[in-house]
Amino acid sequence: MTGAELEKEKKEILNYYRSLLRVARLSKSKEDRADIRKAFNVALDAHINMRRKSGEPYIYHPLAVAKIATEEIGLGTTAIVCALLHDTVEDTEITLEDITRLFNPKVSKIIDGLTKISGVYFDPSKSIQAENFRKMLLTLSDDVRVILIKLADRLHNMRTLGSMRRDKQLKIASETLYLYAPLAHRLGLYNIKTELEDLCLKYTHPEEYELISTKLKKTQAVRTRFISRFIHPIKTELAKQNFKLNIKGRPKSIYSIWNKMETKGVPFEEVYDIFAIRIILDSGSENEKADSWKVYSIVTDFYRPNPDRLRDWISIPKANGYESLHTTVMSPSGKWVEVQIRSNRMNEIAEKGFAAHWRYKTNQSDAGNLDLWIERISEMLENPNPDALDFMDDFKMNLFSDEIFVFTPKGELKTLPTNATSLDFAYEIHSQVGSNCIGAKVNYKLVPLSHQLKSGDQVEIITSKKQKPKEDWLKFVLTGKAKSSIKSALKEDKKKVASLGKGILERKLSSLNFHVNQHNLMKLFTFYKLKSELDLMYNIGLKKIDLSQIKKLKREGPNIIYHPRKKPTKGKEKKEITTSSGKVGLQILGGDFHGVDYKLSSCCNPIPGDDVFGFITKHEGLKIHRTKCPNAIEMMSNFAYRIVQAKWTNSESIAFLVGIHFKGIDRLGIINNITKIISAELNVNMRSISFDTDDGIFEGKIMAFVNDTSHLDSLVKKLKKVDGVLAVSRIDTSSLP
Ligand code: MN
């Protein structure tokens, strides 16, 4: 290269650097600019003699990665600095100590993570789940910016994949498709995910990619015409009503068209014109929800919606933070068109992920709120389908950021929460292995059951058939799986002891001429200050209870009379449930129920005003059910002696969740009318709404908060008056979430 050429190259690099500064959302602070300048100089110097496969100076790569990180992901100064330096420790003379000395500890921690991650090798042809690998990548990165910069790095490598060797292209592309595109998706970075997928297709299926992209270009004009015709009436009406907005019509990505053609076996012509119209409102956060629904109402005034396809992610955002209102409407030519309605803020979250969200909240991109963001990300990475887990409560603490990865003797990867013990690992393998566990070998060294594991440990479990779960195991296991296994084994044990106790107690009661009945048993467990019949029997079985006290109790024939001292005793007592919004009272009639706690049963969710009764359960005290409860008949016929009368005494402004089911004839705008009544007219707080339609008949379900039955009745009455609605009823089943 001649001197003049080198001079020119230097100028171009500086120009590129300046373009990075222009797109960066920098604070006014001089330190930020100085840090970026310093990082640029360090990287420029370190990579000075390196060139990329394309022949261009290497520094273009870190510059491009920094630009993606700030422009397309929305990250701030620290991330820009790290992106500029991201390949220095791995590929040049620069050490992590140099970085620590020159920059702050945060920067060196992120660079360390990036260097570690590049050592993780993923082979999609091996059967180890990509999901676990994705998690491992995230665990190696203490700071979520590590993964975001890695994604920017990968995106630039994909954009410049053309100059690589064919076999490398395929390897990098498939790794991207299995690992990084799904990761980008989970983090809410939709644009990056789409571009990564399109680029993967370009290299793995070049002909198909060319074919689809050429056809898309050719059909562009038809699509544009259709879109502008479609949005014209909506646009005019919205302008009349003074909405500020931006309407976009955008085709599906090449990859998603290809994917549809492949999976459904249909030709391009059947999928190419599927696209979404996006209406982006310029509304502040106070009005954005109401405005979105107003726009929805205007859109459906022009085009008939498919009620089946209404998606309200504004009231209930997706786990990764996505907020938007989606509906699918019929165009005049008979084609279904998806319309997405959202505010500017929601749109930025949709395109850039949560980084955008926090910038909106704090007006600075790099602040401490990042912690909150990481927390949200951790939550959503934890498990895409928590419904599958029946030990949700225990599981909640297993936050993703706190995971470790350990291996079986055969090299199989297991994921556990941080501070998990060898016993957790045993239960992770199988509940039987857990129950019989007497010890473990960690990295070939013998350790106790309570030994805390670390990432990378290899664990072998030692079992004995004589071993069985112990109460104190619960003190050092962390996973929901281990806890619930141990608890259920202990419960089995408890039942055996309790049945022994039951025999002893029955003999004792008979010898004193007391009846063995519900009334007396309840008096006894209250007297011994225990929670349930089972506890009573269990403690007798363990011989922990002094049964000689029973004969000192007052009696009325074969019945025990006993009132705990706490409160003055009369035949009736009022209990109060207190919530943040008010109080509600319940009166239990007949018998003595002092000191007995009650709960509202979850199978029928009684609300004030409902006809209710009390049911004395074996383990959970008194439960209140609606007389219409689906389980009521069974309870009343089989356990009449456990039923007590109950009635409400008052109710104030407390809200109860109810489900309302309705049915009717599908007509234009009916959903709109219904939602208007619920949210606007009665000021009821709606929690969710869903509709189904079949052959002109629609059915829907609304979950909403009401104060009591009269509030509910007036709501039902109003809904019944809606033109087209045929039936409205409260949902009686236990399907309330
Ligand atoms: Mn790189």
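In this text, all values refer to a predicted model and were calculated from it rather than measured experimentally.

## Focus on the overall build of the protein chain
Argument step 1. For the protein chain, the helix and strand inventory stands at 28 helices and 23 strands.
Argument step 2. Residue burial in the protein chain is summarised as follows: out of 737 residues, 49% are buried.
Argument step 3. In the protein chain, the proportion of contacts linking residues at least 24 apart, taken out of those at least 6 apart, comes to 66%.
Argument step 4. Of the accessible surface of the protein chain, which amounts to about 37,700 Å², a share of 51% is contributed by carbon and sulfur atoms.

## Concerning the coordination of the manganese ion
In an ideal octahedron of six donors the angles at the metal are 90 or 180 degrees, and in an ideal tetrahedron of four donors they are 109.5 degrees.
Argument step 1. At the metal site, the manganese ion is ligated by His61 (NE2), His86 (NE2), Asp87 (OD) and Asp153 (OD), and these contacts range over 2.2 to 2.4 Å.
Argument step 2. As a motif over one chain, the donors of the manganese ion read H-x24-H-D-x65-D. Here Asp153 lies in helix 9 (residues 144–159) and His61 lies in helix 3 (residues 60–71), a separation of 92 residues in the sequence. The pair formed by His61 and Asp153 is uniform in burial state, with each residue classed as buried.

## A closer look at the nonpolar core
Argument step 1. In terms of nonpolar packing, the biggest core is built from 58 residues, with Leu84 and Leu85 touching the most fellow members.
Argument step 2. Secondary structure elements with two or more residues in this core: helix 1 (3–23), helix 2 (30–46), helix 3, helix 4 (77–85), helix 7 (105–117), helix 9, helix 10 (166–186) and helix 11 (190–204).
Argument step 3. Per element, the largest residue contribution to this core is 9 residues, and it comes from helix 9.
Argument step 4. Here Leu84 is in contact with Leu20, Ile36, Ala39, Phe40, Ala43, Pro62, Leu63 and Ala66, once residues within four sequence places are set aside.
Argument step 5. If you look at the next biggest cluster of nonpolar residues, it comprises 49 residues, including Ile298, Leu325, Val329 and Ile689.

## Here we look at the sheet that holds strand 9 (residues 437–442)
Argument step 1. Taken together, the 3 strands give an open sheet; going across it, the order is 10-9-11, and neighbouring strands pair in antiparallel fashion. Two strands close off the open sheet at either side, each with one partner strand: strand 10 (445–447) and strand 11 (459–463). The sheet shows a mean angle of 30 degrees between the axes of neighbouring strands, taken without regard to direction.

## Structural notes on a negative patch on the surface
Argument step 1. A cluster of like negative charges, contributed by Asp308, Asp692, Asp694 and Glu699, occupies part of the molecular surface.
Argument step 2. Mapped onto the fold, Glu699 is located in strand 22 (residues 697–706).

## Overview of helix 1
Argument step 1. Spanning 21 residues, helix 1 covers 31 Å between terminal C-alpha atoms, matching the ideal 30 Å at 1.5 Å per step.
Argument step 2. Looking at the buried positions of helix 1, the neighbouring elements they touch are helix 2, helix 3 and helix 4.

## Comments concerning the pairing of strand 6 (residues 336–343)
Argument step 1. Counting buried positions over the 8 residues of strand 6 gives 6, a clear majority of the element.
Argument step 2. Both strand 2 (residues 275–281) and strand 6 contribute to a ladder of 6 bridges, which runs parallel. Bridge pairing links Ala276 to Glu338 in strand 6.
Argument step 3. As paired strands, strand 5 (residues 325–330) and strand 6 are joined by 6 bridges and run antiparallel to one another. From the neighbouring strand, Thr327 faces strand 6, where its bridge partner is Val339.
Argument step 4. Between the end of strand 5 and the start of strand 6, which pair antiparallel, lie 5 residues, with Gly334 showing a positive phi angle near 90 degrees.

## Looking at unusual backbone geometry
Argument step 1. Positive phi, close to 65 degrees, is recorded for Asn242, a residue that is not glycine.
Argument step 2. Of note, Asn242 is situated in the loop between helix 13 (220–240) and strand 1 (245–251).
Argument step 3. Even without being a glycine, Asn419 presents a positive backbone phi close to 75 degrees.
Argument step 4. Checked against the element boundaries, Asn419 lands in the loop between strand 8 (413–417) and helix 21 (422–429).
Argument step 5. On the basis of relative accessible area, Asn419 is assigned to the partly exposed category, the value being 41%.

## With respect to the packing of helix 12 (residues 206–218) against helix 14 (residues 254–264)
Argument step 1. The interhelical angle for the contact between helix 12 and helix 14, taken along N-to-C directions, is 110 degrees, at an axis separation of 10 Å. Relative to helix 14, the element helix 12 is oriented roughly perpendicular. Like other packed secondary-structure pairs, helix 12 and helix 14 cross with a definite hand, here right-handed. Residues Glu208, Tyr209, Ile212, Ser213 and Leu216 of helix 12 touch helix 14, and the partners they reach there are Ile254, Ile257, Trp258 and Met261.
Argument step 2. Of the residues belonging to the contact of helix 12 with helix 14, the class tally is 7 nonpolar, 1 polar and 1 charged.

## Some words on the confidence of the model for the protein chain
Argument step 1. A residue-level look at the protein chain finds 80% of positions with pLDDT of 70 or above and a mean pLDDT of 79.
Argument step 2. Of all secondary-structure elements in the protein chain, the lowest mean pLDDT belongs to helix 20 (residues 392–395), at 25, while helix 21 reaches the highest, 94.
Argument step 3. Residue range residues 566–583 is modelled with pLDDT below 50. Its contacts to residues more than four positions away, or to other chains, number 37 contacts.
Argument step 4. Low pLDDT (under 50) marks residues 733–737, which in the prediction has 10 contacts with non-local residues, meaning those over four places away or in another chain.

## Section: the packing of aromatic side chains
Argument step 1. One pass over the structure, following the stated rule, counts 9 aromatic pairs.
Argument step 2. Between Tyr255 and Trp258 the ring centres are 5.8 Å apart and the planes differ by 40 degrees, which places this aromatic pair in the tilted class. Taken together, the residues span about one helical turn, with Tyr255 and Trp258 both in helix 14 at a distance of 3 residues. For the pair Tyr255 and Trp258, a shared accessibility class is recorded, and that class is buried.
Argument step 3. A centroid spacing of 4.9 Å and a plane angle of 70 degrees characterise the contact between Phe527 and Tyr528, whose relative ring orientation is edge-to-face. The exposure classification of Phe527 matches that of Tyr528, with both residues buried.
Argument step 4. Directly above the ring of Phe514 sits Arg555, whose terminal nitrogen or CZ lies 4.1 Å from the centroid.

## A word on the pattern of salt bridges
If charged atoms from side chains of opposite charge come close, those side chains can pair.
Argument step 1. Under the definition given, this model contains 20 salt bridges.
Argument step 2. Residues Glu197 and Lys193 are paired through a salt bridge, measuring 3.8 Å at the closest nitrogen-oxygen approach. Highlighted residues: Glu197 and Lys193, both in helix 11, separated by 4 residues, approximately one helical turn.
Argument step 3. With its nearest N and O atoms 2.9 Å apart, the salt bridge here joins Asp610 to Arg730. Of this pair, Asp610 sits in the loop between strand 16 (598–600) and strand 17 (612–616) while Arg730 sits in strand 23 (residues 725–730); the two residues are 120 residues apart in sequence, bridging distant segments of the chain. Note on accessibility: Asp610 and Arg730 belong to one class, buried.

How each quantity is defined
- Residues numbered from 1 in each chain as written.
- Predicted model: local features only at pLDDT ≥ 70, side-chain atom pairs only at ≥ 80, totals over all residues.
- Heavy atoms only, no water.
- Helix = DSSP H or I, 4+ residues; strand = E, 2+ residues; numbered from the N terminus.
- Buried < 20%, exposed > 50% of the residue type's maximum accessible area, 1.4 Å probe, protein only.
- Contact = heavy atoms within 4.5 Å.
- Areas by Shrake-Rupley, 256 points an atom, 1.4 Å probe, with all protein chains shown as cover.
- Donors = N, O, S within 2.8 Å, 3.2 Å for Na, K, Ca; no water.
- Core = buried A, V, L, I, M, F, W, Y, C linked by side-chain atoms within 4.5 Å.
- Pairing = 2+ DSSP bridges.
- Axes fitted to C-alpha atoms, helices over the stretch in contact; angles between N-to-C directions.
- Patch = residues over 30% accessible without salt bridge, like charges linked within 9 Å, V, L, I, M, F, W, Y side chains within 5 Å.
- Salt bridge = Lys/Arg side-chain N within 4 Å of Asp/Glu carboxyl O.
- Lys, Arg positive; Asp, Glu negative; His and termini not counted.
- Charge placed at Lys NZ, Arg CZ, Asp CG, Glu CD.
- Expected span 1.5 Å × (residues − 1).
- Parallel < 35°, antiparallel > 145°, perpendicular 65-115°, else oblique.
- Left-handed = near helix turned anticlockwise from the far one by under 90°.
- Nonpolar A, V, L, I, M, F, W, Y, C, P; charged D, E, K, R; others polar.
- pLDDT = per-residue confidence, 0-100.
- Phe/Tyr/Trp six-rings, centres within 6.5 Å; stacked < 30°, edge-to-face > 60°.
- Lys NZ or Arg CZ within 6 Å of the ring centre and 35° of its normal.

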